[in-house]
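Each chain, letter by letter, is given below.
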Amino acid sequence: MHTAAADRYQRTPYARCGRSGLQLPRISLGLWQNFGGDRSLENAREMILASFDHGITHFDLANNYGPPPGSAEENFGRIFAADLAAYRDEVIVSTKAGYLMWPGPYGEWGSRKYLLASLDQSLRRMGLDYVDIFYSHRYDPQTPLEETMGALETAVRSGKALYVGISSYGPKKTREAAALLRGLKVPFVIHQPSYSMLNRWVENGLLDVLEQEGLGCIAFSPLAQGLLTAKYLKGIPDSSRASQDGSFRKAMLTESNIANVRALDRIAHERGQSLAQMAIAWVLAKPAITSALIGASGWPQIRECLGALQNLKFSPSELEAIDRHALDGDLNIWAGSSQFE
């Protein structure tokens, strides 16, 4: 069993999640990529344990994370049981359901049957009695919102989730979900949207809704899947996501995007930060943002991201310079879920 660093809570600041009692580390670790069955379990273990030793108490998963789907939860469960089980009350574990997980009409979207079956499967894979946060991973236009939110209520009432959240919902559906869950007296505390300097859709109403409803916001892909790092400044590395043309497509590496990234990189260096650190700091500077949800392929990347916390303030001139280059780069591959009115 791992012995956690004694000073772990002095290493990372925390923020309250909306108006709830739940606090999250300003940087959380997502297990979307690099934690599945196709990757080294020992490397995943190093990332998770070193993160915890540095005060990152929140680990975010989903039923379909892998590959293969489900394997990220399985690997997290192995690591948790072997090394962190004694710290269960100090850890926030979240998972989600909404995207394709198994064949047939009950294996994706937002029906009660799918969400509750998925939660049971996730708990078995992770070897947990409950998760701290259970999310509806995307809005389902074919299922009444009352049914989807009712499934989240059941997750809480059954003791299998402490809080609930939604991901990639637009402003109108977020407000409707909040009203339904408030009526059901369910602890709805958080929204998880994509947000970065090159993907600013949440500024068109969603952040205002979250503040008005008293909801926390954890921004995923604050580094635009690696585009807002030094990785692509000199081409496409063989080991990069863009080289695999999966969730990050080569088409995203447009001349305008690369030009903006290079300009932002210069601003970051003038601030004494790496581009990745400035990108995270910029997201965290927004009052509505509780936490930035990062991904990584190794501990050194996480350590670099934590360096963002050393400088979260921006001068008006810095923000003005950033805004000239922080332009939408057509990176929001999750936009379909947020566009329903």
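Scroll up to find the structure.
Residues numbered from 1 in each chain as written. Predicted model: local features only at pLDDT ≥ 70, side-chain atom pairs only at ≥ 80, totals over all residues. Heavy atoms only, no water.

Put simply, helix 2 (residues 71-84) and helix 3 (residues 112-126) touch, their axes get as near as 7 Å, and they point 40 degrees apart. As judged from the angle between their axes, helix 2 and helix 3 are oblique. Taking contact as the criterion, the partners of Glu73, Glu74, Phe76 and Gly77 in helix 2 are, on helix 3, Ser122, Arg125 and Met126. Per-class residue counts for the contact of helix 2 with helix 3 are two nonpolar, two polar and three charged. (Axes fitted to C-alpha atoms, helices over the stretch in contact; angles between N-to-C directions. Helix = DSSP H or I, 4+ residues; strand = E, 2+ residues; numbered from the N terminus. Parallel < 35°, antiparallel > 145°, perpendicular 65-115°, else oblique. Contact = heavy atoms within 4.5 Å. Nonpolar A, V, L, I, M, F, W, Y, C, P; charged D, E, K, R; others polar.)

What follows covers the layout of surface pockets. Gaps between atoms show up when a probe of the same size as a water molecule is rolled over them. Roughly 210 Å³ of volume is contained in the second largest pocket. Lining the second largest pocket are 13 residues; nearest its centre among them are Arg182, Val186, Phe188, Glu213 and Leu215. Contributions of two or more residues to the lining of the second largest pocket are made by helix 5 (171-183) and strand 8 (188-192). When the residues that make up the lining of the second largest pocket are grouped by side-chain class, the tally is eight nonpolar, two polar and three charged. (1 Å grid on protein atoms, 1.4 Å probe; cavity = no way out; pocket = protein on both sides within 12 Å on 5 of 7 lines; lining within 4 Å. Points joined across faces, edges and corners; volume = space filled by probe spheres on them.)

For the rest of this paragraph, the subject is the packing of aromatic side chains. Summed over all chains, the structure comprises ten aromatic pairs. Joined through ring pairs, the aromatic side chains of Trp32, Phe220 and Trp334 make up one cluster. Lying across the ring of Tyr130, Arg88 places its NZ or CZ 4.2 Å from the centre. Taking NZ or CZ as reference, Lys96 lies 5.5 Å from the ring centre of Tyr135, over its face. (Phe/Tyr/Trp six-rings, centres within 6.5 Å; stacked < 30°, edge-to-face > 60°. Lys NZ or Arg CZ within 6 Å of the ring centre and 35° of its normal.)

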